[in-house]
Amino acid sequence: MSIVVRTPRGVAISDAERAFSDDVVAGLQAEPKRLPPKYFYDQAGSELFQRITTLPEYYPTRIETGILEAHAGEIAKLLPHDATVVEFGAGSSAKTRILLRAAPHVSTYVPVDISGEFLAAETVRLQQDMPDLRVLPVEADFTRPFLLPAELGNRPRVGFFPGSTIGNFEPHEANTMLRHAAAMLGPGALFIIGVDLVKEADVLTSAYNDEAGVTAAFNLNLLTRINRELGGEFNLAGFRHRACYNQQQCRIEMHLVSLARQKVRACGKSFDFRRGETIHTENSYKYTIESFRSHARGAGWGNGAVFVDAQNYFSVHALRAKGVVKAV
Ligand code: AVJ
C-alpha cells in the first residue's frame with residue numbers, strides 16, 4: 001500500500017519520499033552529520049556509478065568481473081538444477097550475465113533493487129538477451145527484510161551479492177543482513193558474495209579519489225538530489241568531496257566537507273554547518289578473507305570456496321547456509 005501524505009506546502013509525497021526526507025532530517029541533525037549511501041542511486045547517481053566502474057583507479061568492478069569470468073564454470077557447478085538466483089541490487093547486469101550464461105540450468109532470476117526505474121530498464125534488456133529465463137523483479141530496499149515472489153515455490157535459492165556492496169554496511173548491519181538472507185534463502189542455500197580486500201592504503205584511496213572527478217560528482221549528487229526532491233537549497237560550490245582510508249576500522253570513508261560556515265534549508269528545516277564540518281556519506285569496509293569468513297560464520301553461513309585474483313585485491317565467496325537459523 002502506498003500512503004500519500006500532504007506536506008505543509010501542500011505537495012503530495014509518497015512513502016518512499018517520506019523515508020528519504022526522514023533519513024535526511026535525522027542525518028543532518030546528528031552529530032557528526034551523516035547521510036545513508038543507499039540514496040546515491042537515483043537515475044543520475046546510478047549513471048555516475050556506472051562511470052566509476054570504468055575508471056582506471058577504480059579496480060573492484062574490473063577485478064571482480066575477471067574473477068567471475070575465470071571461475072564461472074566452477075561457480076555454475078555449485079548452483080542446483082532449476083535454481084532461482086536472487087540478486088541483492090540489480091546494478092551489475094554484466095556480472096549477472098556472466099553467472100547466468102555459465103549456468104543455463106538456473107530457471108529463475110529475481111533482481112531486487114530500491115530503484116524501480118533502473119530495475120525495469122535492466123529487466124527488459126536481460127529478458128531480451130535470455131528469453132528462456134524467468135525474470136521476476138522485486139522493487140525493495142534489501143537493507144530490510146523483504147518478500148520473495150510467491151511463485152518461486154520451494155525451488156532451491158541462490159543469493160548473489162556482487163560488487164562488495166556488503167562493505168557499505170556497518171559490521172553489525174552486515175551481520176543482520178546476512179542472517180535475513182540465510183532465513184530467506186533457506187537451509188543449505190548457496191550465497192555468492194563479492195568482497196573487496198584490505199590492501200595498501202594508496203591503492204584504496206586512489207580508487208575513491210579519481211583524477212577525472214567522477215567520484216566527487218557522485219558524492220555531490222546526493223545534495224543535488226536533496227535539492228530536487230526535498231526542496232533543499234544546498235549550494236554545491238560550498239561543499240567538497242573527501243575520501244580517506246581509516247586504517248583502524250579498515251574502511252574507506254567518504255565525506256562532503258563544508259567549505260564555509262553556512263546555513264542550509266532542506267525538508268522545511270534549517271541546518272547549520274561549521275567551516276570544515278563534514279557530512280559522512282559512505283563507509284566502504286574492506287575485509288581479509290579470514291575476517292569475512294568468520295563474520296559470515298557468525299551470521300549463519302558456513303564457508304565454501306573462495307575465489308581471488310592474482311594480486312589478492314578482491315574475493316568472491318561461495319557461502320553455504322548452515323541450516324536452522326533464527327530470524328532476527
Ligand atoms: C557499490 C558500494 C561497492 O564502496 O566501492 C564507489 C560505491 N562509492 N565509489 C564502493 C562507491 C564510491 C561502491 N559500492
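In this report, we go over the structure that sits alongside the text. (Residues numbered from 1 in each chain as written. Predicted model: local features only at pLDDT ≥ 70, side-chain atom pairs only at ≥ 80, totals over all residues. Heavy atoms only, no water.)

### Let's talk about the overall build of the protein
Secondary structure summary: the protein contains 9 helices and 16 strands in total. Principal axes of the C-alpha set define a box for the protein whose edges measure 60 × 50 × 40 Å. Here the protein, with 328 residues, has 53% of them falling under the buried criterion. Considering only contacts within the protein whose residues lie at least 6 apart along the sequence, 68% involve residues at least 24 apart. Carbon and sulfur atoms provide 54% of the accessible area of the protein, an area that totals close to 15000 Å². (Helix = DSSP H or I, 4+ residues; strand = E, 2+ residues; numbered from the N terminus. Buried < 20%, exposed > 50% of the residue type's maximum accessible area, 1.4 Å probe, protein only. Contact = heavy atoms within 4.5 Å. Areas by Shrake-Rupley, 256 points an atom, 1.4 Å probe, with all protein chains shown as cover.)

### Thoughts on the packing of helix 4 (residues 93-102) against helix 5 (residues 116-129)
It is at 12 Å that the axes of helix 4 and helix 5 come closest, and there the two elements cross at 30°. Taken together, helix 4 and helix 5 sit at an angle that is classed as roughly parallel. Seen from above, helix 4 lies across helix 5 with right-handed handedness. Together, Ser93, Arg97, Leu100 and Arg101 of helix 4 and Glu122, Arg125, Leu126 and Asp129 of helix 5 make up the contact between the two elements. Of the residues that constitute the contact of helix 4 with helix 5, the class distribution is 2 nonpolar, 1 polar and 5 charged. (Axes fitted to C-alpha atoms, helices over the stretch in contact; angles between N-to-C directions. Parallel < 35°, antiparallel > 145°, perpendicular 65-115°, else oblique. Left-handed = near helix turned anticlockwise from the far one by under 90°. Nonpolar A, V, L, I, M, F, W, Y, C, P; charged D, E, K, R; others polar.)

### Looking at helix 8 (residues 214-230)
Here helix 8 is 17 residues long and its end C-alpha atoms lie 24 Å apart, about the 24 Å a rise of 1.5 Å per residue gives. Looking only at helix 8, the buried set comprises Val214, Thr215, Phe218, Asn219, Leu220, Asn221, Leu222, Leu223, Arg225, Ile226 and Leu230. Following helix 8 by one or two positions, Gly231 has its phi on the positive side, about 60°. (Expected span 1.5 Å × (residues − 1).)

### Side note on the packing of aromatic side chains
Summed over all chains, the structure comprises 19 aromatic pairs. Note on Phe88 and Phe146: the rings are 6.1 Å apart at their centroids and 70° apart in plane angle, and the pair reads as edge-to-face. On the criterion of sequence distance, the pair formed by Phe88 in strand 4 (residues 84-88) and Phe146 in the loop between strand 7 (138-139) and strand 8 (157-161) is long-range, its members being 58 residues apart. Across the pair, exposure class does not vary: Phe88 and Phe146 are buried alike. (Phe/Tyr/Trp six-rings, centres within 6.5 Å; stacked < 30°, edge-to-face > 60°.)

### Remarks on the site of the ligand
Lining the immediate environment of the ligand, one finds 14 residues, of which Tyr58, Gly163, Tyr208, Glu282 and Ser284 sit closest. Tyr58 places a side-chain nitrogen or oxygen 2.5 Å from an oxygen atom of the ligand. A distance of 2.7 Å is found between a nitrogen atom of the ligand and a side-chain nitrogen or oxygen belonging to Glu282. Look at the ligand: alone it shows 360 Å² of surface, and the protein chains cover 97% of it. Counting residues per element, the ones that place at least two in the shell around the ligand are helix 2 (43-52), helix 8 and strand 14 (278-285). Grouping the amino acids of the shell around the ligand by side-chain chemistry returns 7 nonpolar, 6 polar and 1 charged. (Near = heavy atom within 4 Å. Polar contact = N/O pair within 3.5 Å; in protein donor to acceptor, adjacent residues only side chain to side chain.)

Geometry only, nothing functional implied.
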